[in-house]
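Chains, contacts and geometry: an overview
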Amino acid sequence: MLQIAICEDTQTHAQEISAAVERESADRRAEIECFSTGEELLRYIQAGGYLPDIAILNTRLQDEDGILLAEELNERLPACRIIFVADSLSDATEVYRAEHVWFLLRSELEVRIGPALTKALAPKRTGGGQGLLLRSRGTAIFLPLENILYLERDRRKTLVITAEGEFSASECPGKLLSNGLAEFFVRSHRSYWVNREKIRALDRDEFILSDGRRVPISRSWRAAARAAFLQSVQP
């Protein structure tokens with residue numbers, strides 16, 4: 001049976017979400033549990049062996065950080081898919097601190113909860129097993145997609161930046177990403193292609209990556225880069 005946890009500190013809001021989830025999951029066997037605090041949810045998980053498949057979290061719980069709760073769930077239950085609910089877009093960039101599948105505004109709950117649940121139940125598309133094969137002077141190096149932070153075109157070479165180090169290739173980024181990898185990257189600048197999974201936040205004209213590095217967003221690519229970033233925030 002599908003287990004869905006809802007963490008809302010306002011009973012009315014919890015009931016609204018629960019009712020919407022029940023309507024959208026009518027064709028599935030789903031058990032919905034509501035929690036008023038993150039501490040209560042975590043205690044239930046620890047004490048009772050509760051393993052929710054989906055957790056729907058308010059980004060701002062009373063006296064608690066709902067995003068911090070999501071980070072804790074990422075750590076304890078990696079398979080649990082997170083859906084954030086917020087009253088405004090003020091947390092739209094902060095939610096990237098935690099892995100999640102959807103960010104929706106409470107005002108759009110009725111319209112968005114269906115697609116959010118559908119995405120939460122879909123297999124993860126992480127690009128697992130994919131990556132770049134770089135060849136140089138008879139040597140071949142395979143870099144898994146999950147290790148790549150971004151690509152930078154520097155004159156006649158492409159720098160592939162990873163958390164472990166920097167690699168170079170003679171091919172342009174467009175060619176390197178031509179084998180089905182382009183969908184995993186956001187172009188932010190004439191010279192930069194950023195791995196979507198490594199973007200933690202958008203700060204004015206820069207992407208902040210998971211390791212704290214910053215990648216510039218140029219004026220000519222600003223609209224496209226921001227739209228790509230916010231796609232999962234406001235699908």
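Residues numbered from 1 in each chain as written. Predicted model: local features only at pLDDT ≥ 70, side-chain atom pairs only at ≥ 80, totals over all residues. Heavy atoms only, no water.

Things to note about the nonpolar core
Note the cut-off: What makes a nonpolar core is a set of buried Ala, Val, Leu, Ile, Met, Phe, Trp, Tyr and Cys residues whose side-chain atoms join them at distances within 4.5 Å. Under the scheme applied here, a residue whose accessible area is under 20% of the maximum for its type counts as buried, over 50% as exposed, and between as partly exposed, the area being computed with a 1.4 Å probe on protein chains only. By the criteria applied, helices consist of DSSP H or I runs no shorter than four residues and strands consist of E runs no shorter than two, each listed in order from the N terminus. Between two residues, a contact is recorded if the distance between any of their heavy atoms is within 4.5 Å.
Among the nonpolar cores identified, the biggest contains 41 residues, and Leu 41, Leu 57, Leu 73, Phe 84 and Phe 207 are the most heavily contacted of them. Considering each element in turn, this core owes the most residues, four residues, to helix H3 (residues 66-76). Every residue in contact with Phe 84, bar those within four places of it in the chain, is listed here: Leu 57, Thr 59, Gly 66, Ile 67, Ala 70, Val 95, Ala 98, His 100, Trp 102, Phe 103 and Leu 104. Residues Val 21, Ile 56, Leu 104 and Leu 117 belong to the second largest nonpolar core, which totals 18 residues.

Quick word on the sheet that holds strand S17 (residues 214-216)
Quick note on the threshold: Between any two strands, at least two bridges found by DSSP are needed for them to pair. Here, axes are lines fitted to C-alpha atoms. For helices the fit covers the stretch in contact, and angles between N-to-C directions go from 0 to 180 degrees.
Spatially, the three strands line up as an open sheet ordered S15-S16-S17, and their pairing is antiparallel. This sheet does not close on itself; its edge strands, each paired only once, are strand S15 (199-203) and S17. Neighbouring strand axes in the sheet, compared pairwise and without regard to direction, differ in orientation by 25° on average. Sheet topology note: the S15/strand S16 (residues 206-209) ladder contains four bridges and is antiparallel. Bridge pairing links Ile 199 to Leu 209 in S16. Running at roughly 130° to S15, helix H6 (residues 222-230) makes contact with S15 and S16 of the sheet.

Observations concerning the side chain of Ser 188
One can find Ser 188 in strand S13 (residues 185-189). Non-local contacts of Ser 188, meaning those with residues more than four positions away in its chain, are made with Val 194, Phe 207, Val 215, Pro 216, Ile 217, Ser 218, Trp 221 and Ala 225.

Overview of the packing of helix H1 (residues 11-24) against helix H4 (residues 109-121)
The condition is simple: Roughly parallel here means an angle under 35 degrees, roughly antiparallel means over 145, roughly perpendicular means 65 to 115, and every remaining angle is called oblique. Two helices that cross are described as forming a left-handed crossing if the nearer one is turned anticlockwise from the farther one by less than a right angle, and a right-handed crossing if clockwise. Note on residue classes: Ala, Val, Leu, Ile, Met, Phe, Trp, Tyr, Cys and Pro are nonpolar, Asp, Glu, Lys and Arg are charged, and everything else, Gly too, is polar.
The contact between H1 and H4 brings their axes to 10 Å, and the two run at 55°. The angle between H1 and H4 places the two elements in the oblique class. Our pair here, H1 against H4, has a crossing hand that is right-handed. On the side of H1, the interface is formed by Glu 16, Ile 17, Ala 20, Val 21, Arg 23 and Glu 24, while H4 contributes Leu 109, Glu 110, Ile 113, Gly 114 and Leu 117. Partitioning the contact of H1 with H4 into residue classes produces six nonpolar, one polar and four charged.

Describing the pattern of salt bridges
For the record, the criterion: For this analysis, a salt bridge means a side-chain nitrogen from Lys or Arg found within 4 Å of a carboxyl oxygen belonging to Asp or Glu.
One pass over the structure, following the stated rule, counts 15 salt bridges. Here Arg 222 ties to Asp 205 by a salt bridge, and the two come within 3.2 Å at their closest N and O atoms. Of this pair, Arg 222 sits in helix H6 while Asp 205 sits in the loop between S15 and S16, and the two are 17 residues apart along the sequence. Salt-bridge contacts for Asp 211 lead to Arg 213; the nearest nitrogen and oxygen are separated by 2.6 Å. The class for Arg 213 is partly exposed, based on a relative accessible area of 32%. Overlapping salt bridges bring together Asp 65, Glu 71, Glu 94 and Arg 97 as one network.

Some details on the environment of Leu 145
By the element assignment, Leu 145 lies in the loop between strand S9 (139-144) and strand S10 (148-154). Taking C-alpha positions, Leu 145 is 8.4 Å from Leu 181, a pair spaced 36 residues apart along the chain.

A short note on the environment of Glu 40
Tracing the backbone through its elements, the reader meets Glu 40 in helix H2 (residues 38-48). We classify Glu 40 as partly exposed; its relative accessible area is 27%. Considered as a pair, Glu 40 and Asp 63 are 23 residues apart in the sequence and their alpha carbons are 13 Å apart.

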